[in-house]
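Residues per chain are reported as follows:
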Amino acid sequence: MPGIAFDTAHLLSGGLLLVSFMMIYQDRMFSLLRIFALHAVVLSLSVAWQAYIQGAPHLYVTAAIALIFKAIIIPSALRRIVVQLGIHREVETVVGIGVTMLAGIGLSALSIVLMLDVTQGADPYAREDLAFALSVVLLGLLMMVTRRNAVSQIVGFMSLENGMILAAAGAKGMPLVVEISVAFSVMVAFIVIGVFLFRIRERFDSVDVSVMDQHRGDQR
Amino acid sequence: MSAVDLCLLTAGLLLGLGPLALLGQGRGRSSAVVYSASGLLCAVLALSGLAGLGGLGIGTSRVLPLGLPWMGAHFAFDALTAFFLVVLGFGGGIISLYAIGYGRHEHAPMRVLPFYPAFLGAMALVLLAADAFSFLLSWEVMSLLSWALVLTHHQEEDARKAGYVYLVMAGFGTMSLLLAFGLLAGPDGAYQFDAMRGTAHPPLMAVAILGLMLLGAGSKAGLAPLHVWLPLAHPAAPSHVSALMSGVMTKVALYGFIRVVFDLLGPVAWWASPVVILLGAGTAVLGILLAMMERDLKRALAYSTIENIGVIFAALGLAMAFRANGMTAAAALAFTAALFHIFNHMAFKSLLFMGAGSVLNATGLRDLDGLGGLIHRMPVTSFLVLVGAMAISALPPLNGFASEWLIFQAVLLSPDAPQAAVQMIIPAAGGLLALAAALAAACFVRIYGVGFLGRPHSEAAANAQEVDRVSLTAMALLAATCLLAGIFPGTVIDAMAPVVDAMLSGRLPVQADETWFTIIPIAESRSSYSGMLVFVFVALSASAAAWAVHRFASDRLRRAPAWDCGFPDASPLTQYSAGGFAQPIRRVYGTDLLGARETVTMPPPGDTGPARHELLVGDPSWNGIYLRLALAVTYVTTRMNRLQFLTIRRYLTLVFMSLIVLLVGLMLWR
């Protein structure tokens with residue numbers, strides 16, 4: 001891979017990781033959704049760049065799916081849900097933002113050390129791409145774990161999916177079918193969770209998952 | 001038709017006979033028909049086994065297009081299979097003959113008939129299998145069918161508990177076997193026995209396989225501390241099934257152990273063998289002590305099975321120790337002794353269980369303290385049981401003595417071993433075996449003295465009737481086997497020589513040429529034993545004594561009450577009870593080893609109620625291992641129960657943390 005192509009791909013993957021960290025940092029709902037849209041945009045740029053340098057036109061489809069669904073439709077839909085349901089617009093965290101950021105740095109370090117170690121001898125771009133992708137996946141999980149609010153858990157889940165697509169795009173020869181199915185699984189998850197949110201709203205008058213726990217009679 | 005095909009066909013017919021038995025609906029003579037057919041098919045197995053020991057059909061094999069599509073099911077017929085087919089066919093045949101008579105009294109024949117022949121067929125398939133999958137499948141079918149037979153009298157709480165414990169232990173054993181075969185097959189998946197023989201196993205892996213086989217085959221055979229199911233399950237089944245399980249199925253388990261350890265595994269480090277020897281010797285002592293304490297006749301016999309399994313394992317351990325040091329002659333001696341004892345135990349334990357079944361039929365009782373005086377009411381049964389009891393107590397000239405004598409000859413060869421540990425441990429284990437042999441004699445004196453001699457302890461025992469001729473014939477055949485194998489041990493040893501040769505590439509000297517049917521395992525200057533001479537001497541001296549008594553004593557026949565020591569009309573309860581007879585030994589060994597506790601509760605002054613004497617005897621492995629294990633499992637599961645009531649976020653955290661732990665582990669591991 002020529003120097004500039006490699007550097008650009010590297011830059012975009014690293015950008016995705018950076019945006020993941022930005023998402024963890026947010027404590028307001030709307031800015032979180034905006035950052036998520038940015039996340040999806042960076043992903044689509046990264047995938048499109050991969051499509052260009054690999055000469056794999058089907059990856060453009062993936063980039064388009066990421067751009068249209070994840071960067072535009074889903075954030076705006078979630079925004080509507082938040083507005084319509086009158087959801088509390090603050091993201092309630094379990095531990096402090098600073099601690100979460102430190103944990104995120106640790107996870108990134110772990111995934112980079114691990115991936116560079118495991119994939120010795122592989123294509124250098126694929127190695128770093130996989131390391132970034134694993135970091136993004138782990139940060140998405142971290143976000144799901146450290147947020148009490150259902151909407152931010154959905155956002156965490158979808159940023160996790162973005163990490164997977166980044167990994168899939170970096171690996172040469174990944175068939176289109178898989179990407180479409182991954183994208184659709186995100187769609188399905190979104191629909192299901194969206195419906196779920198409405199049901200929660202109807203039932204419990206709140207989308208804070210801790211209210212469900214109280215309803216179930218659990219002590220925390 | 002080759003030998004393996006014949007045996008496979010027979011096993012298949014036995015398996016098919018099970019479902020066919022359903023057609024009879026348990027009416028009329030259907031049970032007799034099923035048992036006769038099983039007996040005949042077993043005879044076919046025994047005859048093919050005998051022919052195989054003579055060299056006919058050895059090495060034939062057959063691949064059936066069953067099981068895994070790329071492998072099929074492999075079956076083979078070699079000397080070891082042939083020997084165990086003789087044990088299975090002979091034991092199974094005679095037990096089936098006994099069952100023709102005994103089965104008439106079964107009140108729920110349809111709970112036995114479908115499983116009985118199929119159980120025999122599954123055992124035959126275990127012996128014939130020549131790849132890991134067919135072996136494990138047949139093994140599991142054998143376990144499940146015998147479990148169904150244990151549950152025949154499922155109305156009884158004891159039988160249900162026995163069935164449960166048996167199922168758990170059988171599952172555990174099969175899992176160990178599965179792991180053992182997985183290690184044997186290695187990463188290339190060489191699941192055929194032929195391929196396993198060619199695979200080299202590193203020393204530590206060989207020891208791991210040996211350990212897993214001790215767990216898997218040992219739990220089926222009844223090796224302590226995996227024996228706990230055996231004294232529950234064997235007596236819970238109908239008596240002919242008890243005979244089959246104790247006499248034959250434990251031998252099939254031993255076959256699995258011998259097949260893997262002596263045939264497939266290759267050399268095992270010498271330091272593994274003392275473990276086997278000590279486990280065997282410890283099992284023998286523990287088993288016979290528990291038998292000594294037991295009041296239930298069938299349970300006492302089951303505990304005695306554990307003792308004999310221990311003796312056989314000790315002999316196999318000796319053979320391993322000698323083999324690891326290249327002492328082929330000594331290894332052949334120990335291995336021959338083990339095989340001989342396997343055959344002998346099949347004969348006398350089946351005989352004794354049949355005797356217990358006859359007693360149970362005649363009196364409805366298994367409690368020794370309810371029996372007594374049966375020698376007057378059931379003279380033939382009592383005589384045949386006496387032969388079995390003498391054989392299992394290793395009295396010459398019967399077969400038990402011959403095999404145990406061979407084992408002690410092998411023990412005496414231990415100073416020739418190069419390692420100091422082996423030189424020290426084997427004589428110590430020999431001491432344990434001698435203790436077990438002495439205790440076995442005491443145990444059977446107790447069973448016979450309390451159960452068959454003296455005066456009846458109960459109405460049922462006083463009115464017992466002799467059982468039918470078919471049952472008696474079966475028992476007489478086994479009693480004759482015990483006598484013949486004891487008088488002509490050389491013939492048996494020579495017949496087993498091909499097996500020993502196949503496993504150890506060596507054999508005992510040919511015994512057929514010795515005069516007076518003497519057996520000389522090593523050298524004449526060292527030791528020799530002639531069962532024939534002992535028999536002739538016993539017969540002559542006994543006849544001479546009888547003649548002298550009748551000739552010189554008063555020939556007027558007098559019948560006096562038994563135990564008539566000045567109490568002609570005293571209650572039969574003044575006789576020795578089973579518990580009383582065992583008391584000295586219980587006080588010596590039982591307090592520490594078995595946790596035996598006696599409590600005497602005296603009534604307060606003025607109260608006319610009786611004093612109470614209570615006795616608690618426990619199996620140390622049940623209390624020490626199994627109950628603690630169950631408590632630990634309960635504790636952990638109670639704690640884990642909280643996992644059901646976590647919040648969604650905590651579940652996510654669990655998933656997340658386990659992923660992180662795995663990733664960190666992967667990083668550190670690399």
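Residues numbered from 1 in each chain as written. Chains lettered and ligands numbered in written order. Predicted model: local features only at pLDDT ≥ 70, side-chain atom pairs only at ≥ 80, totals over all residues. Heavy atoms only, no water.

> Please provide a residue-by-residue account of the overall build of chain A, values included.
Scanning chain A for helices and strands turns up 8 helices and 0 strands. The linear arrangement of helices and strands in chain A, starting from the amino end, is α-α-α-α-α-α-α-α. For chain A, buried positions account for 51% of its 220 residues. Taking the intrachain contacts of chain A between residues at least 6 apart in sequence as the baseline, contacts between residues at least 24 apart amount to 74%. Looking at chain A as shown, the accessible area adds up to about 9,900 Å², and 68% of this sits on carbon and sulfur atoms. (Helix = DSSP H or I, 4+ residues; strand = E, 2+ residues; numbered from the N terminus. Buried < 20%, exposed > 50% of the residue type's maximum accessible area, 1.4 Å probe, protein only. Contact = heavy atoms within 4.5 Å. Areas by Shrake-Rupley, 256 points an atom, 1.4 Å probe, with all protein chains shown as cover.)

> Summarise the overall build of chain B; cite the residues concerned and give the values.
Of regular secondary structure, chain B possesses 24 helices and 6 strands. Relative to the 2.2 N^0.38 estimate, which gives 26 Å for 670 residues, the radius of gyration of chain B is 26 Å and therefore close to what a compact globule would have. In terms of overall dimensions, chain B has C-alpha extents of about 95 × 75 × 60 Å along its principal axes. With 670 residues in all, chain B has 54% of them scored as buried. Counting only contacts in chain B whose residues sit at least 6 apart along the sequence, the fraction spanning at least 24 positions is 79%. Considering chain B, the positive charge centre built from 37 side chains and the negative charge centre built from 34 side chains are found 7 Å apart. (Rg over C-alpha atoms; globule rule 2.2 N^0.38 Å. Lys, Arg positive; Asp, Glu negative; His and termini not counted. Charge placed at Lys NZ, Arg CZ, Asp CG, Glu CD.)

> Quick rundown of the environment of Leu654(B)? Include the residues and the values.
Residue and element names in this part refer to chain B. Structurally, the position occupied by Leu654 is in helix α24 (residues 648-669). Residues Leu654 and Leu286, spaced 368 residues apart in sequence, show a C-alpha to C-alpha distance of 47 Å. Once residues lying within four places of it in the same chain are set aside, the contact partners of Leu654 are Leu643 and Leu646.

> Hey, could you go over the packing of helix α5 (residues 132-150) of chain B against helix α6 (residues 157-185) of chain B for me, with residue numbers and the actual values?
Residues and elements named next belong to chain B. Here α5 crosses α6 at 175°, and the two axes come no closer than 9 Å. Considering their axes alone, α5 and α6 lie roughly antiparallel with respect to each other. From α5, Ala132, Phe135, Leu136, Trp139, Glu140, Ser143, Leu144, Ser146, Trp147 and Val150 reach across to α6, where they touch Ala159, Ala162, Gly163, Tyr166, Leu167, Ala170, Thr174, Leu177, Leu178 and Phe181. Residue classes in the contact of α5 with α6 are distributed as 15 nonpolar, 4 polar and 1 charged. (Axes fitted to C-alpha atoms, helices over the stretch in contact; angles between N-to-C directions. Parallel < 35°, antiparallel > 145°, perpendicular 65-115°, else oblique. Nonpolar A, V, L, I, M, F, W, Y, C, P; charged D, E, K, R; others polar.)

> So what's going on with a nonpolar patch on the surface? Which residues, and what values?
Residues and elements named next belong to chain B. Taken together, Tyr635, Val636, Met640, Leu643, Tyr651 and Leu654 make up a surface patch of nonpolar side chains, about 560 Å² in accessible area. In this fold, Val636 is placed in helix α23 (residues 620-640). Overall, the relative accessible area of 44% leaves Val636 in the partly exposed class. (Patch = residues over 30% accessible without salt bridge, like charges linked within 9 Å, V, L, I, M, F, W, Y side chains within 5 Å. Salt bridge = Lys/Arg side-chain N within 4 Å of Asp/Glu carboxyl O.)

> Account for the packing of aromatic side chains, with residues named and values stated.
All names here are of chain B. A full pass over the atoms with the stated rule returns 21 aromatic pairs over all chains. Seen in terms of ring centroids, Phe83 and Phe84 are 5.3 Å apart; in terms of plane orientation they differ by 85°. Their pairing is edge-to-face. On the accessibility criterion, Phe83 (3% relative accessible area) is buried. A relative accessible area of 2% means that Phe84 is categorised as buried. Relative to Phe193, the ring of Phe181 lies with its centre 6.0 Å away and its plane at 10°, an arrangement referred to as stacked. Taken together, the positions of Phe181 in helix α6 and Phe193 in helix α7 (residues 193-198) put the pair 12 residues apart, joining distant regions of the chain. (Phe/Tyr/Trp six-rings, centres within 6.5 Å; stacked < 30°, edge-to-face > 60°.)

> Account for the nonpolar core, with residues named and values stated.
Within the largest apolar cluster, 216 residues are counted, with the highest numbers of intra-cluster contacts made by Phe83(B), Met123(B), Phe181(B), Ile258(B), Phe262(B), Phe335(B) and Leu339(B). Excluding residues that lie within four positions of it along the chain, Phe335(B) makes contacts with Ile258(B), Phe262(B), Leu316(B), Ala319(B), Val499(B), Val500(B), Met503(B) and Leu504(B). Counting residues in each nonpolar core, the second largest holds 55 residues, with Leu16(A), Leu110(A), Leu134(A) and Val145(A) among its members. (Core = buried A, V, L, I, M, F, W, Y, C linked by side-chain atoms within 4.5 Å.)

> Explain the pattern of salt bridges to me, and be specific about the residues and the numbers.
Residue and element names in this part refer to chain B. Following the criterion strictly, the structure yields 13 salt bridges over all chains and no others. The residue Asp78 makes a salt bridge to Arg259 at a minimum N-O spacing of 2.8 Å. Remark: Arg259 occurs in helix α10 (residues 239-264) and Asp78 occurs in the loop between β2 (73-77) and α3 (79-102); sequence separation between them is 181 residues. Here the two residues Asp78 and Arg259 agree in accessibility, since each one is buried. The closest approach of N and O atoms between Arg295 and Asp367, which form a salt bridge, is 2.6 Å. Here Arg295, found in the loop between α11 (273-293) and α12 (297-324), pairs with Asp367, found in the loop between α13 (328-363) and α14 (374-377); they are 72 residues apart in sequence, far enough to count as distant. Since its relative accessible area comes to 28%, Asp367 is described here as partly exposed. Beyond isolated ion pairs, a larger network of salt bridges with shared partners links Asp78, Asp194, Arg197, Arg259 and Asp263.

> Which residues make up the packing of helix α1 (residues 3-21) of chain B against helix α2 (residues 30-53) of chain B, and what values go with them?
All names here are of chain B. One can describe the packing of α1 onto α2 by two numbers: an axis separation of 10 Å at closest approach and a directional angle of 165°. Judged by the angle between their axes, α1 and α2 are roughly antiparallel. Seen along the crossing, α1 lies across α2 with a hand that is left-handed. Mapping the contact onto sequence places Leu6, Cys7, Thr10, Leu13, Leu14, Leu17 and Ala21 in α1 and Val34, Ala37, Ser38, Leu41, Val44, Leu45 and Ser48 in α2. Within the contact of α1 with α2, the residues separate by chemical class into 11 nonpolar, 3 polar and no charged. (Left-handed = near helix turned anticlockwise from the far one by under 90°.)

> Which residues make up the interface of chain B and chain A, and what values go with them?
At the junction of the two partners, chain B supplies 15 residues and chain A supplies 21 residues. When the two sides are added together, the surface that chain B and chain A hide from each other amounts to roughly 1,700 Å², 75% of it contributed by carbon and sulfur. On the surface where chain B and chain A come into contact, there are 0 salt bridges. The interface formed by chain B and chain A holds 0 residue pairs in polar contact (both at pLDDT 80 or more) in total. Class assignment for the residues of the side of chain B that touches chain A results in 11 nonpolar, 2 polar and 2 charged. (Buried area = accessible area lost by both parts, 1.4 Å probe. Polar contact = N/O pair within 3.5 Å; in protein donor to acceptor, adjacent residues only side chain to side chain.)

> Could you give an account of the state of the cysteines, with specific residues and numbers?
By definition, a disulfide links two cysteine residues through a covalent bond between their sulfur atoms. Residue and element names in this part refer to chain B. One pass over the full model with this rule turns up 0 disulfides over all chains. The structure places no disulfide on Cys7, whose sulfur is separated from the nearest cysteine sulfur, that of Cys42, by 12 Å. The exposure class of Cys7 is buried, given its relative accessible area of 0%. (Disulfide = S-S within 2.5 Å.)

> How would you sum up the side chain of Asp263(B)? Please name residues and give values.
Residues and elements named next belong to chain B. For Asp263, the position within the fold is in helix α10. A residue is classified by how much of its surface remains accessible, and Asp263, at 16% relative accessible area, is buried. A distance of 2.5 Å separates a polar atom in the side chain of Asp263 from a polar atom in the side chain of Arg259. Contact partners of Asp263, with chain neighbours within four places excluded, come to Asp78, Arg197, Ile258 and Met503.

> Quick one: what's the story with the side chain of Ser621(B), residue by residue and with numbers?
Residue and element names in this part refer to chain B. By the secondary structure assignment, Ser621 is in helix α23. Residue class for Ser621 comes out buried when judged on its relative accessible area of 6%. Once residues within four sequence positions are removed from consideration, Ser621 is found in contact with Pro225, His227, Val228 and Tyr626.

> Hey, could you go over unusual backbone geometry for me, with residue numbers and the actual values?
Where the residue is not glycine, phi is negative for most of them; where a peptide bond is considered, it is trans in most cases. Residue and element names in this part refer to chain B. Cis peptide bonds are those with omega within 30 degrees of zero, and the linkage from Ala224 to Pro225 qualifies with 0°. Checked against the element boundaries, Pro225 lands in the loop between α8 (203-221) and α9 (230-236). You will see that Ala394, though not glycine, has its phi angle at about 60°, which is positive. Tracing the chain through its elements places Ala394 in the loop between α15 (379-392) and α16 (399-412). Despite not being glycine, Ser505 shows a phi value in the positive range, around 55°. By the element assignment, Ser505 lies in the loop between α20 (489-504) and β3 (518-519).

> Before we move on, can you summarise the environment of Ile209(B) with the specific residues and values?
Residue and element names in this part refer to chain B. As for its position among the elements, Ile209 is in helix α8. Counting along the chain gives 26 residues from Ile209 to Leu183, while the straight-line C-alpha distance between them is 6.7 Å. When residues no more than four places from it in sequence are discounted, the contact partners of Ile209 are Ala180, Leu183, Leu184, His201, Val260 and Leu265.

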